[in-house]
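So the chains spell out like this:
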Amino acid sequence: MAHGKSFFTKILILRSYLTGIEQYIIDPEREYQKICNKLNGTYIQIGANSKTYINIFDIREESQEDGNGYLASKINKLVGFFKLIFGNIDEEEKAILEEKIIELYETKKINFEDSSLYKKDEKTVNIKPVFKESKDMPTLGEFYEILGKDPKTKQMQIKLIPFVKGSLNFFNHQTNVILDNLLIVADVHDLGEENLAFGMYLFTEFFWDKIKANRRIKKAIYLDEAWRLIGVTSNKEVASFIYKIFKTIRKYGGSGVAITQDISDIFSLDGGIYGKCLLNNSNIKMFFALEEENIKILEQNITLTEKEKIEIKSLKRGEALLFANQEHVLLKIDNANFEKEMIE
Ligand SMILES: Nc1ncnc2c1ncn2[C@@H]1O[C@H](COP(=O)(O)OP(=O)(O)OP(=O)(O)O)[C@@H](O)[C@H]1O
Ligand SMILES: [Mg+2]
């Protein structure tokens, strides 16, 4: 139900823009286009006719996670991505999938040695090593070929057909965009209901690397309709990646904004552990109007007084109950006329 979550987010983006914060938005509903244009942001749209590509196989200089090597970090993320496509696979299938990913990178002379991610050029010996570029990375089409060679992965290969040859073939390209703008909106609306999560994951990973690039710059990432990535239809790898981003983004001078309507959904995956983690790691939580049944679910995860329960139920559009540390405050989201004109 439309109670003003996205409207508030747009106001937040607008005001943060004025303070020079770098902002990354994943937009499943195509509703951030106007604000993006008004603020001269970069708008990337992916879908059947898109000409802008981001390659899910890219390993970037910022891609390393938790002291794992580059390839190991990438494999984790790719397994999450492929599980979104293949559905939940068992341990054996996962092991085979990893083996094939390793084989794929091997064709580009990339292996578990981090030094393999740097260009080897006689002339540049002793000069600062150069990290491999997008054009040095494998593509989904090449992965598809590898999966086809082994009967054990034939089924996986078949599931990749739309991504390689069909309507989703923008996944089968090397990255061709350089993104350097204070505001970047990734419009994944054209992917359609059933494919949204793939695009959201692609951009989440991409934006995460951008966020890690420079700790001194303030930045924020916005995930509207977040339930698509941490809800029941998602998977553990993806949910824990999102959770990790929200947990550690502060270290990189960033903030994360996750917006969701569907409370029951985010508290469903794996007994609600991801929804709970996200909620507990948020410094600021805002609740817009909720129905009785959703308040019951919320209550199991956060302490609410009787009065607050009544308040949440009777909130009007543009009103919210804000939780910041121990403070609970009722608030009304107001705007100047020119602000409304810029976002709607
Ligand atoms: N604080 C506000 N002041 C004025 N108008 C508002 C306010 N909040 C919301 N609106 C109006 O209500 C409409 C719907 O709000 P919004 O899109 O933010 O809902 P939502 O909570 O994101 O809904 P959904 O769950 O469908 O994504 C907006 O387009 C806007 O016109
Ligand atoms: Mg919305």
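Residues numbered from 1 in each chain as written. Chains lettered and ligands numbered in written order. Predicted model: local features only at pLDDT ≥ 70, side-chain atom pairs only at ≥ 80, totals over all residues. Heavy atoms only, no water.

### Focus: the site of ligand 1
Around ligand 1, a shell composed of 15 residues is seen, among which Lys5, Ser6, Phe7, Ile333 and Glu344 lie nearest. Ser6 places a side-chain nitrogen or oxygen 2.8 Å from an oxygen atom of ligand 1. Per element, the largest residue contribution to the shell around ligand 1 is three residues, and it comes from helix H1 (residues 5–18). (Near = heavy atom within 4 Å. Polar contact = N/O pair within 3.5 Å; in protein donor to acceptor, adjacent residues only side chain to side chain. Helix = DSSP H or I, 4+ residues; strand = E, 2+ residues; numbered from the N terminus.)

### Some points on the pairing of strand S4 (residues 219–223)
In terms of burial, S4 is a largely internal element, five of the five residues being buried. Of the pairings in the sheet, the one linking strand S1 (residues 22–27) to S4 comprises five bridges and is parallel in character. Note on S4: the bridge partner recorded for Gln23 is Ala220. Relative to strand S5 (residues 254–258), S4 runs parallel, the two sharing five bridges. Paired with Ala220 across the strands is Ser255, a residue of S5. (Buried < 20%, exposed > 50% of the residue type's maximum accessible area, 1.4 Å probe, protein only. Pairing = 2+ DSSP bridges.)

### Observations concerning the pairing of strand S3 (residues 183–187)
For a regular strand, the rule is simple: side chains alternate between the two faces of the sheet. A large share of S3 lies buried, amounting to five of its five residues. Side chains Leu183, Val185 and Asp187 of S3 all project onto a buried face; the interleaved residues Ile184 and Ala186 project onto the opposite face, where all are buried too. Inspection of the sheet shows S1 paired to S3 by five bridges, in the parallel sense. Pairing of Ile26 across the sheet is with Ala186, part of S3. In this structure, strand S2 (residues 42–45) lies alongside S3, joined through four bridges in parallel fashion. Counted as the bridge partner of Ile44 is Ala186 from S3.

### A closer look at the nonpolar core
Counting 87 residues, the largest nonpolar core has Phe82, Phe143, Leu160 and Phe203 as its most contacted members. Looking at this core, the element that brings in the most residues is helix H8 (residues 196–213), giving 11 residues. Here this core gathers at least three residues from each of two domains, domain 1 (1–41 + 181–344) and domain 2 (60–180). If near-sequence neighbours (up to four positions away) are discounted, Phe203 is found in contact with Ile26, Ile44, Ile46, Ile54, Ala186 and Val188. Among the nonpolar cores identified, the runner-up in size contains 16 residues, and Ile13, Ile21, Ile25 and Met342 belong to it. (Core = buried A, V, L, I, M, F, W, Y, C linked by side-chain atoms within 4.5 Å. Domains from an automatic or database assignment. Contact = heavy atoms within 4.5 Å.)

### Regarding the packing of aromatic side chains
Describing an aromatic ring pair means giving the distance of the ring centres and the angle of the ring planes. Applying the stated criterion across every chain yields a total of 21 aromatic pairs. Their ring planes at 15 degrees and their centres at 5.6 Å tell us that Phe82 and Phe86 sit as a pair that is stacked. Of the two residues, Phe82 and Phe86 are both situated in helix H3 (residues 70–86); the distance of four residues between them amounts to about one turn of the helix. By relative accessible area, which is 0% here, Phe82 ends up buried. In textbook terms, an aromatic cluster arises when at least three aromatic residues are bridged by ring pairs, as seen for Phe57, Phe81, Phe82, Phe86, Tyr105, Phe143, Phe163, Phe170, Phe171, Phe198, Tyr201 and Phe241. Positioned over the ring face of Tyr32 is Lys10, at 5.4 Å from the centre of the ring. (Phe/Tyr/Trp six-rings, centres within 6.5 Å; stacked < 30°, edge-to-face > 60°. Lys NZ or Arg CZ within 6 Å of the ring centre and 35° of its normal.)

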